[in-house]
Amino acid sequence: MMHGNLLEPDATKLPDRPQAQAAMDTGTDPAEVAAEYLDFSEAWAALAERAIAREELVAAYAYARTGYHRGLDQLRRAGWKGFGPVPWSHRPNQGFLRALAALAKAAGRLGEDDEYERCRQLLADSDPAAVEATGL
């Protein structure tokens, strides 16, 4: 019998978003997906990651912050209290976690070292697998 940390809250898992997810999975431009599903963090994360790759750091920061805040709203509605596991293995959580990682990367590249560290720590606290998966 396995026992987890009894003091740690249960993992928070965001609800599935099949239509928005299908749009992303079929290659729809993330800007189109974000415009149709404004609260879909995965689209904002993809926009942020694309902007980072293009060295458009202010745009990346703005996209990532939008995805991060939209994800926070959803996590809170799902019962998250600001701490506890947000598992990377649950696909709907990945948009929030990717946006958080992109926010850290953009903040770090813009010289916001404190924000980089806060975001990196939240990502690690949410799920260490997310740090590895996002390359942070």
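What comes next is a walk through the structure. As the structure is a computational prediction, the values presented were derived from the model and not from experiment.

**Quick notes on the nonpolar core**
Working step 1: By size, the foremost hydrophobic cluster in this structure holds 26 residues, and its most contacted members are Tyr68, Phe96, Leu97, Leu100 and Leu123.
Working step 2: Of all the secondary structure elements, the ones that give two or more residues to this core are helix H3 (41-53), helix H4 (57-77), helix H5 (91-109), helix H6 (113-126) and helix H7 (128-134).
Working step 3: Element by element, the count of residues in this core is highest for H5, at 8 residues.
Working step 4: Contact partners of leucine 123, with chain neighbours within four places excluded, come to Leu97, Leu100, Ala101, Pro128, Ala130, Val131, Thr134 and Leu136.
Working step 5: Counting 11 residues, the second-largest nonpolar core is a separate cluster that includes Met24, Ala34, Ala46 and Leu47.

**Digging into the pattern of salt bridges**
Working step 1: One pass over the full model with this rule turns up 8 salt bridges.
Working step 2: Residue glutamate 42 is joined to arginine 91 by a salt bridge in which the shortest nitrogen-to-oxygen separation is 3.3 Å. In this pair, glutamate 42 sits in helix H3 while arginine 91 sits in helix H5, placing the two residues 49 residues apart along the sequence.
Working step 3: Residue classification places glutamate 42 among the buried positions, given a relative accessible area of 8%.
Working step 4: Close ionic contact of glutamate 55 with arginine 109 constitutes a salt bridge, the shortest N to O distance being 2.4 Å. Here glutamate 55, found in the loop between H3 and H4, pairs with arginine 109, found in helix H5; they are 54 residues apart in sequence, far enough to count as distant.

**Some remarks on the side chain of threonine 134**
Working step 1: As for its placement among the helices and strands, threonine 134 is situated in helix H7.
Working step 2: In this structure threonine 134 comes out as buried when scored by relative accessible area, which is 12%.
Working step 3: Polar contacts involving the side chain of threonine 134 include one to the main-chain carbonyl oxygen of alanine 130, which spans 2.7 Å.
Working step 4: Setting aside its immediate chain neighbours within four residues, threonine 134 contacts Trp88, Leu97, Arg98, Ala101, Lys105 and Leu123.

**Let's talk about the packing of H4 against H5**
Working step 1: It is at 8 Å that the axes of H4 and H5 come closest, and there the two elements cross at 145 degrees. The two elements H4 and H5 cross, and the hand of that crossing is left-handed. Together, Leu57, Ala60, Tyr61, Ala64, Arg65, Gly67, Tyr68, Gly71, Leu72 and Leu75 of H4 and Phe96, Ala99, Leu100, Ala102, Leu103, Ala106, Ala107 and Arg109 of H5 make up the contact between the two elements.
Working step 2: Taken together, the residues that form the contact of H4 with H5 break down as 14 nonpolar, 2 polar and 2 charged.

**So, H6**
Working step 1: In a regular helix each residue adds 1.5 Å, so 14 residues correspond to 20 Å; H6 covers 20 Å between its end C-alpha atoms and thus fits that length.
Working step 2: Among all positions of H6, only Glu115, Cys119, Leu122, Leu123 and Ser126 are buried. The buried side chains of H6 occupy one side of the element, clustering within an arc of 100 degrees when seen end-on. In H6, the exposed positions angled more than 90 degrees off the buried face are occupied by Asp113, Asp114 and Asp125.

Conventions adopted
Residues numbered from 1 in each chain as written. Predicted model: local features only at pLDDT ≥ 70, side-chain atom pairs only at ≥ 80, totals over all residues. Heavy atoms only, no water. Core = buried A, V, L, I, M, F, W, Y, C linked by side-chain atoms within 4.5 Å. Buried < 20%, exposed > 50% of the residue type's maximum accessible area, 1.4 Å probe, protein only. Helix = DSSP H or I, 4+ residues; strand = E, 2+ residues; numbered from the N terminus. Contact = heavy atoms within 4.5 Å. Salt bridge = Lys/Arg side-chain N within 4 Å of Asp/Glu carboxyl O. Polar contact = N/O pair within 3.5 Å; in protein donor to acceptor, adjacent residues only side chain to side chain. Axes fitted to C-alpha atoms, helices over the stretch in contact; angles between N-to-C directions. Left-handed = near helix turned anticlockwise from the far one by under 90°. Nonpolar A, V, L, I, M, F, W, Y, C, P; charged D, E, K, R; others polar. Expected span 1.5 Å × (residues − 1). Arc of directions from axis to C-beta.

Coordinates in, geometry out; function isn't part of it.
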